[in-house]
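What the coordinates show
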Amino acid sequence: MLKINKNFIIILFLAAITFLYTSILFGSNQLALTSDSSFHFSRVEEIYHNLRGHHLLTFIASYTFNHTGVGNFLFYPTVFLYPWAFLRFYFNPISAFFICMAFFYLAP
């Protein structure tokens, strides 16, 4: 019984930290870009545009990357970007990013 309560307290603590961290970032409505993040944000935008056009899989970037048809989806895994792209249907890009990261922080 004590172990279940201890685990529950740990999970509750981690959920509270995640909520606090995400709500602060969500409220700022700003992102701190690193050298690689703009590349991945463009990849999510490409997936979002393809999903909006009823194409489930993305192979060549024709909307982003200056419309050059970059084939980076052939070399980088995209499975973890799809939840973020689906959130783009309901939220702006920054909010979708923070919500997606909160889900990943809480994932077991």
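Everything numeric here is computed off the predicted structure, so don't read it as measured data.

The next point concerns the packing of aromatic side chains. Counted by the stated rule, this structure contains ten aromatic pairs. With centroids separated by 5.7 Å and ring planes inclined at 50°, the aromatic side chains of Phe 39 and Phe 65 adopt a geometry described as tilted. With a gap of 26 residues between them, Phe 39 in helix α2 (residues 37-52) and Phe 65 in the loop between α2 and α3 (82-87) connect regions that are remote in the sequence. On the accessibility criterion, Phe 39 (18% relative accessible area) is buried.

Another aspect to go through is the nonpolar core. Ile 47, Trp 84 and Ala 85 are the most contacted members of the largest nonpolar core, which totals 17 residues. Counting residues per element, the ones that place at least two in this core are α2, α3 and α4 (93-106). Look past the residues within four positions of Ala 85 in its chain and what remains in contact with it is Val 44, Ile 47, Tyr 48 and Leu 51.

What follows is about the pattern of salt bridges. Throughout the structure, instances matching the rule amount to one salt bridge. Close ionic contact of Glu 45 with Arg 88 constitutes a salt bridge, the shortest N to O distance being 2.6 Å. One end of the pair, Glu 45, is in helix α2; the other, Arg 88, is in the loop between α3 and α4, and 43 residues separate them in sequence. Residue classification places Glu 45 among the buried positions, given a relative accessible area of 18%. For Arg 88, a relative accessible area of 13% corresponds to the buried category.

Its 16 residues place the ends of α2 22 Å apart at the C-alpha level, agreeing with the 22 Å of an ideal helix rising 1.5 Å per residue. When we look at burial in α2, the residues that qualify are Ser 37, Phe 39, Phe 41, Arg 43, Val 44, Glu 45, Glu 46, Ile 47, Tyr 48, Asn 50 and Leu 51. Lining the buried residues of α2 we find α3 and α4. Within two residues after α2, His 54 carries a phi angle of roughly 65°, on the positive side.

Summarising the element assignment, Glu 46 is placed in helix α2. In this view, Glu 46 contacts Thr 58, Ile 60, Ala 61, Ser 62, Tyr 63, Thr 64 and Phe 73; residues no more than four positions away in its chain are not counted.

What follows covers a nonpolar patch on the surface. Among the surface-exposed residues, Leu 56, Leu 57, Phe 59, Ile 60, Leu 74, Phe 75, Tyr 76, Phe 86, Phe 89, Tyr 90 and Phe 91 lie close enough to one another that they form a single nonpolar patch of about 1,300 Å² accessible area. Structurally, Leu 57 is set in the loop between α2 and α3. Residue class for Leu 57 comes out exposed when judged on its relative accessible area of 54%.

Moving on: the environment of Leu 12. Position of Leu 12 relative to the elements: it lies in helix α1 (residues 2-28). Spatially, the C-alpha atom of Leu 12 lies 16 Å from that of Phe 104, the residues being 92 residues apart in sequence.

The terminal C-alpha atoms of α4, which comprises 14 residues, lie 20 Å apart, in line with the 20 Å expected from a rise of 1.5 Å per residue. Residues Ser 95, Ala 96, Phe 97, Phe 98, Ile 99, Cys 100 and Ala 102 constitute the buried set of α4. The residue sitting at the N-terminus of α4 and contributing the capping side-chain oxygen is Asn 92; that oxygen lies 3.1 Å from the backbone nitrogen of Ile 94.

Rules used throughout
Counting restarts for each chain, with residues numbered from 1 along the sequence as it is written. Whole-chain, interface and lining totals are the exception, using all residues; otherwise, since this is a predicted model, local features are given only for residues with pLDDT of at least 70 and side-chain atom pairs are given and counted only at 80 or more. Water and hydrogen atoms play no part in the side-chain values, which are based on all heavy atoms of the structure. For Phe, Tyr and Trp, where Trp contributes only its six-membered ring, two rings pair if their centres lie within 6.5 Å, and the inter-plane angle classes them as stacked under 30 degrees, edge-to-face over 60, or tilted in between. Helix numbering and strand numbering both begin at the N terminus, where a helix is a DSSP run of H or I of at least 4 residues and a strand a DSSP run of E of at least 2. Buried means the residue's accessible area, taken with a 1.4 Å probe over protein chains only, is under 20% of the maximum for its type, while exposed means over 50%, and partly exposed covers the values in between. Here, nonpolar core refers to any group of buried Ala, Val, Leu, Ile, Met, Phe, Trp, Tyr and Cys residues whose side-chain atoms link them within 4.5 Å. The contact definition used throughout considers only heavy atoms, calling two residues in contact when any of these lie within 4.5 Å. We count a salt bridge whenever a side-chain nitrogen from Lys or Arg sits within 4 Å of a carboxyl oxygen from Asp or Glu. What a helix should span is 1.5 Å times the count of its residues minus one. Note on patches: the residues involved have over 30% relative accessible area and no salt bridge, like charges join within 9 Å, and the nonpolar side chains Val, Leu, Ile, Met, Phe, Trp and Tyr join within 5 Å. In short, Shrake-Rupley with a 1.4 Å probe defines the accessible areas, and a residue's cover is counted only from the protein chains shown. Polar contacts here mean pairs of N or O atoms no more than 3.5 Å apart (in protein, one a potential hydrogen donor and the other a potential acceptor; neighbouring residues in sequence count only if both atoms are side-chain atoms).

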